[in-house]
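Results of the structural survey
Chain residues, written in single-letter form:
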Amino acid sequence: MAEIEREAMEYDVVIVGAGPAGLSAAIRLKQLDADLNVVVLEKGSEVGAHILSGAVLDPCGLDALIPDWKEKGAPINVPVLEDNFYMLGEAGQIRVPNWPMPPLMNNHGNYIVSMGNVCRWMAEQAEELGVEIFPGMSCSELVYDENGGVKGVVAGVFGLEPDGSYGPNTEPGMELHGKYVFLSEGVRGSLAKEVIAKYDLQKGKEPQKFGLGMKEIWEIDPEKHKPGTVTHTMGWPLGKNAGGGSFIYHLDNNQVYVGFVVHLNYENPHLFPYMEFQRFKHHPMVAELLKGGKRVAYGARAISEGGYQSMPKMVAPGVALLGCSVGMVNVPRIKGNHNAMLSGKAAAEAAHEAIKAGRASDELTEYETEVREGAIGKDLKKVRNVKPLWSKYGLTASLALGGFDMWTNTLGFSLFGTIKHGKSDADATGQASKFKPIDYPKPDGKLSFDRLTNVSFSMTNHEESQPAHLKLKDPSVPVAVNLPKYAGPSARYCPAGVYEFVTEEGQEPKFVINFQNCVHCKTCDIKDPAQNIVWTVPQGGDGPNYPNM
Ligand SMILES: Cc1cc2nc3c(=O)[nH]c(=O)nc-3n(C[C@H](O)[C@H](O)[C@H](O)COP(=O)(O)OP(=O)(O)OC[C@H]3O[C@@H](n4cnc5c(N)ncnc54)[C@H](O)[C@@H]3O)c2cc1C
């Protein structure tokens, strides 16, 4: 194929991803020097279209970035007023009192927000400062300089032929070059994954761990709506099959966020995370809340859970990884937005100093030091053993051990040191023959819904004539290996019904990828036991169109 010619544009800093990390970096760079040229590229059709969080926001990140966010009209209006934590059994629940919880678990001073709307507002702040923001622009490739450092990205490739080749309607996109490139793609970023592999950034660190978060927005009976109420549950329906739990957050306008997280290190490949979520809503306590209401939106996204010991090296020549592209979620608090914002701010400050000193395309080591030793590192270090204790000892024992460890860490020490995670989530998957299949009740269409109906509530759209953005390294693996050995787990772990094994009479099963349904959660890239599925970006503007997730 002939060499593709692309226009190139030069910037001081090129930022991939308009989430809280990328937007914070953009804002901070322009606060520090209005003359810096900063561009943010976002694959969603608009800023916020692909943002999915719980979300209870700890405002410490925003306080540091835009201290007068209230006066500037940030859409952050529902303070947390009540914090509930329940252990669920199938027919009932036990309330865990708040007093034994370490102070860091307290949500006092936090807010229930739509992070999609917070990001839309942050984008306005950034644009007012002169940042160029281009939504609908997927960054599909990295551009390297002659020394092997990252020099930029390719963005805006549209209209590829179904086989991936260039056709008469293909727009080749453009190169955006920067003195520094920030990858703030969120969890399991596709370019970040390439950078981590190329520069071996995970070396000496624990494997990254993940959960799958699924979320619905419900409009409920105003009589039952209590703005500012935060409820977390553990226990049923997952039981011993997997770690995880739920969140129920009452925001304003009679809306409630109902979400469910399943840790992706589960062993039983028959587990169906989406159906666990649907089943959860039939618990008497939850059903009572939702009865008479309606589900208005659905979405899913992986969440990084490896924490302190899994953070890769986050800088390489010309490039820095930000936010959940590193993995900065405080797992027991289920919060990462504050750290994403703080990381954006820290990366911007390091890049600003470097550019001022005439540097370019080198490693922003000052950024990494700030993340590990500053507020983010302190936040994550205290809770570093909660996830591995849960994985090793199960829910009940780990509640006591993890709680104890968080208390001692609050006082400055841990009896456990730093516990390793061990296996990756893909490697944790066990063989189907060693586990019992799980029987899931059929959705009733009132409280619970089938996957495809729910996907239509994510407003997902992909141009069908483009090549599938979910690539198989070896097309034979799903049927030859994953089906006999793991009972074809992709048909269950995908919360959007992308993967199917279709069997016609007398024929070999076929593996079908309905990429049009993909909600960009990245679970397949994480959980496929053979690590055979590679999530790449589809063309810009495709994917979910979340209203106010
Ligand atoms: C179910 C769930 C509940 C959560 N609850 C909470 C909570 O209550 N409180 C909290 O603080 N945190 C919560 N989190 C964690 C929080 O969402 C993350 O920590 C946070 O989103 C990380 O921000 P980020 O900017 O790094 O990435 P993201 O928010 O994921 O943003 C990344 C952006 O980059 C874009 N992008 C990615 N790749 C490309 C590309 N190649 N080209 C162009 N654009 C690209 C994406 O479309 C997206 O807009 C939750 C997460 C989940 C999944």
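Residues numbered from 1 in each chain as written. Predicted model: local features only at pLDDT ≥ 70, side-chain atom pairs only at ≥ 80, totals over all residues. Heavy atoms only, no water.

Re the overall build of the protein chain
Condition: Strands here mean DSSP runs of E at least two residues long; helices mean DSSP runs of H or I at least four residues long; both are numbered from the N terminus. With the radius of gyration taken over C-alpha atoms, the globule rule is written as 2.2 Å times the number of residues to the power 0.38. Buried means the residue's accessible area, taken with a 1.4 Å probe over protein chains only, is under 20% of the maximum for its type, while exposed means over 50%, and partly exposed covers the values in between. A contact between two residues is defined here by any heavy atoms of the two lying within 4.5 Å. Only the protein chains shown count as cover for residues, and all accessible areas are computed by the Shrake-Rupley method using a 1.4 Å probe. For the purpose of charge, His is not counted, nor are the chain termini; Lys and Arg are scored as positive and Asp and Glu as negative. All charge positions are set by atom: Lys at NZ, Arg at CZ, Asp at CG, Glu at CD.
Across its full length, the protein chain holds 15 helices and 22 strands. Computed over C-alpha atoms, the radius of gyration of the protein chain comes to 22 Å, within 12% of the 24 Å expected from 2.2 N^0.38 for 549 residues, which places it in the range of a compact globule. Judged by the C-alpha coordinates and their principal axes, the protein chain covers about 65 × 65 × 45 Å. Taking all 549 residues of the protein chain together, 60% fall into the buried category. Counting only contacts in the protein chain whose residues sit at least 6 apart along the sequence, the fraction spanning at least 24 positions is 78%. If you sum the accessible surface of the protein chain, you get close to 21,600 Å²; carbon and sulfur atoms cover 52% of it. Between the averaged position of the 53 positive side-chain charges in the protein chain and that of its 65 negative side-chain charges there is a distance of 8 Å.

Considering the UniProt feature "domain: ETF-QO/FixC ubiquinone-binding" (unreviewed entry) in the protein chain
This is how the line gets drawn: UniProt positions are given in the numbering used here, feature names are shortened, and annotations may be inferred rather than shown by experiment.
Look at the UniProt record and you will see "domain: ETF-QO/FixC ubiquinone-binding" (unreviewed entry) annotated at residues 210–303. Summarising residues 210–303: 16% helix, 46% strand, and an end-to-end C-alpha distance of 6 Å.

A short note on the environment of Ala316
Along the chain, Ala316 turns up in strand β17 (residues 315–316). Residue classification places Ala316 among the buried positions, given a relative accessible area of 1%. Ignoring anything within four residues of it in the chain, the contact list for Ala316 reads Tyr199, Asp362 and Glu363.

Quick notes on the side chain of Ser458
Using the following cut-off: Pairs of N or O atoms within 3.5 Å make up the polar contacts considered here, provided that, within protein, one atom can donate a hydrogen while the other can accept it, and that residues adjacent in sequence are counted only when both atoms are side-chain atoms.
Within the element layout of this structure, Ser458 appears in the loop between α12 (451–456) and β19 (470–472). Accessibility expressed as a relative area gives 0% for Ser458, which makes it buried. A distance of 2.5 Å separates the side chain of Ser458 from the backbone oxygen of Val455, its partner in a polar contact. For Ser458, the contacting residues outside a window of four places in its chain are Tyr298, Val519, Pro544, Asn545 and Tyr546.

Side note on the environment of Met9
Among the structural elements, Met9 can be located in strand β1 (residues 7–16). Its relative accessible area of 29% is what places Met9 among the partly exposed residues. When the C-alpha atoms of Met9 and His177 are compared, they prove to be 6.0 Å apart, with 168 residues separating the residues in sequence. Once residues within four sequence positions are removed from consideration, Met9 is found in contact with Met174, Glu175, Leu176 and His177.

Concerning the packing of helix α1 (residues 20–32) against helix α7 (residues 337–356)
The cut-off we apply is this: All axes here are fitted lines through C-alpha atoms, helices being fitted over the stretch that makes contact, and every angle between N-to-C directions spans 0 to 180 degrees. By convention the crossing between two helices is left-handed if the near helix lies anticlockwise of the far one by an angle smaller than a right angle, and right-handed if it lies clockwise. In this count, Pro and Cys sit with the nonpolar residues alongside Ala, Val, Leu, Ile, Met, Phe, Trp and Tyr, while Asp, Glu, Lys and Arg are called charged and the others, Gly among them, polar.
Running from amino to carboxyl end, α1 crosses α7 at an angle of 35°, the nearest separation of the two axes being 7 Å. Like other packed secondary-structure pairs, α1 and α7 cross with a definite hand, here right-handed. Residue-level inspection shows Pro20, Ala21, Ser24, Ala25, Arg28, Leu29 and Leu32 of α1 in contact with α7, the latter providing Asn337, Ala340, Met341, Ser343, Gly344, Lys345, Ala348, Glu349, Ala351 and His352. Along the lines of polarity and charge, the residues of the contact of α1 with α7 split into nine nonpolar, five polar and three charged.

Some thoughts on the pattern of salt bridges
Using the following cut-off: Salt-bridge detection follows one rule: a side-chain nitrogen of Lys or Arg within 4 Å of a carboxyl oxygen of Asp or Glu.
Scanning the model with the defined rule gives 22 salt bridges in all. Glu46 serves as the salt-bridge partner of Arg120, at 3.1 Å between the closest nitrogen and oxygen. With Arg120 in helix α3 (residues 115–128) and Glu46 in the loop between β2 (38–42) and β3 (56–57), this pair connects stretches of sequence that are 74 residues apart. Residue Glu349 pairs with Lys345 through a salt bridge whose shortest N-O separation is 3.1 Å. A residue pair is termed a helical-turn pair when its members lie 3 or 4 positions apart in one helix, as Glu349 and Lys345 do in helix α7 at four residues. The class for Glu349 is partly exposed, based on a relative accessible area of 26%. Linked through salt bridges whose partners overlap, the residues forming this network are Arg28, Lys345 and Glu349.

A word on the packing of α7 against helix α8 (residues 365–373)
Basically, it comes down to this: Working rule for angles: under 35 degrees goes down as roughly parallel, over 145 as roughly antiparallel, 65 to 115 as roughly perpendicular, anything else as oblique.
Packing of α7 against α8 leaves a shortest axis separation of 8 Å and a crossing angle of 150°. In terms of axis orientation, α7 runs roughly antiparallel to α8. Of the two elements, α7 crosses α8, and the hand of that crossing is right-handed. Where α7 abuts α8, its residues Ser343, Ala346, Ala347 and Ala350 lie against Glu366, Tyr367 and Glu370.

Examining the sheet that holds strand β14 (residues 244–250)
Pairing between the strands of a sheet is mediated by backbone hydrogen bonds and can be parallel or antiparallel. Short version of the rule: Each pair of strands is called paired provided DSSP finds at least two bridges between the two strands.
The strand order across the open sheet built from seven strands is β6-β5-β13-β14-β15-β12-β16, with neighbouring strands paired in mixed fashion. If you trace the sheet from one side to the other, it starts and ends with β6 (93–95) and β16 (294–304), each paired once. Shown here is a sheet whose adjacent strand axes are inclined to one another by a mean of 20°, direction ignored. Sheet analysis places strand β13 (residues 229–235) next to β14, joined by four bridges and oriented antiparallel. Considered in β14, the bridge of Val230 is made with Tyr249.

Notes on the packing of aromatic side chains
This is how it is decided: Classification of ring pairs rests on two measures: the distance between centres of Phe, Tyr or Trp rings, Trp counted by its six-membered ring, which must be within 6.5 Å, and the angle between planes, read as stacked under 30 degrees, edge-to-face over 60 and tilted in between.
Taken as a whole and judged by the stated rule, the model has nine aromatic pairs. When the ring of Phe272 is compared with that of Tyr440, the centres are 5.9 Å apart and the planes differ by 80°; the resulting orientation is edge-to-face. Taken as a pair, Phe272 in the loop between β15 (255–263) and α5 (273–280) and Tyr440 in the loop between α11 (425–428) and α12 lie far apart in primary sequence, 168 residues in all. Each member of the pair, Phe272 as well as Tyr440, is classed as buried. Ring-pair connections join several aromatic residues into one group, and the members of that group are Phe260, Phe277 and Phe280.

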